[in-house]
Amino acid sequence: MVYHFTLTLTGVNAQTPGLEDALFESGCDDALLCFYGNTAYLEFDRAGSSFEQAVLSAIDDIESSALPARVVSVDATLLGLSDIAQRSQLSRQAVAMLKDGTRGPGSFPAPVQRLTGHSPLWRWAAVARWLHENGKLSAELAENAQVMENINLALALRETPQRQYVTQLAARLAESEPRRAS
């Protein structure tokens, strides 16, 4: 199976000498090197036994190159309605109607950021799971959305200088879950 995904890099930029050659030599011959301003990112079409395996092998190829490159994210896990429509291959209007409850069963996942702004953001994994449960998205795409979110959480955790503190916070929050449920 071939999987399409984008990896955003740090430690390198558009002025890094030999960037394209080093990435190619490290095994990224299935990726297109792109830039947003000075930020480098790679758009992959990578074969793999699973989405997770394809993404992790690409990260390993990048980070084992002679460059000081590190992967900081896989695609986007927070999306607006237009991005949700594009990923789910539904129209933006159809997604808006699902969100508003005027179509479908209601209970669309709540946005998680920019609630007071004009462009709220949703967790793609939660929306993909809901769309799958309601017959609008394949199980594979919903599973891949969760894998992507998990990999992004791991990438963010490894980049934070406060990794131990964040891990402790997660443990404390997990401990409080049963109290809320009872």
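Residues numbered from 1 in each chain as written. Predicted model: local features only at pLDDT ≥ 70, side-chain atom pairs only at ≥ 80, totals over all residues. Heavy atoms only, no water.

Focus: the nonpolar core
Item 1. One finds Phe5, Leu7, Ile62 and Trp124 to be the most contacted residues of the largest nonpolar core, which totals 43 residues.
Item 2. Once residues lying within four places of it in the same chain are set aside, the contact partners of Ile62 are Leu7, Leu9, Leu23, Ser26, Cys28, Leu42, Phe44, Ala69 and Val71. (Core = buried A, V, L, I, M, F, W, Y, C linked by side-chain atoms within 4.5 Å. Buried < 20%, exposed > 50% of the residue type's maximum accessible area, 1.4 Å probe, protein only. Contact = heavy atoms within 4.5 Å.)

Some points on the pattern of salt bridges
Item 1. Scanning the entire structure with this criterion turns up six salt bridges.
Item 2. For Arg46, the salt bridge is made with Asp30, and the minimal N-O distance between the two is 2.7 Å. Taken together, the positions of Arg46 in strand S3 (residues 39-47) and Asp30 in the loop between helix H1 (19-25) and strand S2 (31-36) put the pair 16 residues apart, joining distant regions of the chain.
Item 3. On the accessibility criterion, Arg46 (6% relative accessible area) is buried.
Item 4. Between Arg46 and Asp61 there is a salt bridge, and its shortest N-O distance comes to 2.8 Å. Residue Arg46 is located in strand S3, and its partner Asp61 is located in helix H2 (residues 51-63); the two are separated by 15 residues in the primary sequence.
Item 5. With relative accessibility at 17%, the residue Asp61 sits in the buried group. (Salt bridge = Lys/Arg side-chain N within 4 Å of Asp/Glu carboxyl O. Helix = DSSP H or I, 4+ residues; strand = E, 2+ residues; numbered from the N terminus.)

Remarks on the sheet that holds S2
Item 1. The strand order S2-S3-S1-S4 describes an open sheet built from four strands, whose pairing is antiparallel. The open sheet has two edge strands with one neighbour each: S2 and strand S4 (70-74). Mean inter-strand twist for the sheet, computed between neighbouring axes without regard to direction, equals 30°.
Item 2. Where strand S1 (residues 2-13) meets S3, eight bridges bridge the pair, whose relative direction is antiparallel. (Pairing = 2+ DSSP bridges. Axes fitted to C-alpha atoms, helices over the stretch in contact; angles between N-to-C directions.)

What to know about unusual backbone geometry
Item 1. Phi angles above zero are rare outside glycine, and Asp75 is one such case at about 45°.
Item 2. Among the secondary structure elements, Asp75 is positioned in the loop between S4 and strand S5 (78-79).
Item 3. Positive phi is not limited to glycine here, since Gln89 has a value of about 60°.
Item 4. Here Gln89 shows up in the loop between helix H3 (81-88) and helix H4 (92-100).

Comments concerning the state of the cysteines
Item 1. Within this structure, the stated rule accounts for zero disulfides.
Item 2. Of all cysteine sulfurs in the structure, the one in Cys28 sits closest to Cys34, which takes part in no disulfide; the separation is 13 Å.
Item 3. Given a relative accessible area of 14%, Cys34 falls into the buried group. (Disulfide = S-S within 2.5 Å.)

Topic: helix H5 (residues 124-133)
Item 1. Every buried residue of H5 is accounted for by Trp124, Ala125, Val127, Ala128, Trp130 and Leu131.
Item 2. Turning to H5, the residues buried within the fold contact S5, H3, H4, strand S6 (122-123) and helix H6 (139-159).
Item 3. At the exit of H5 stands Gly135, carrying a positive phi of roughly 70°.

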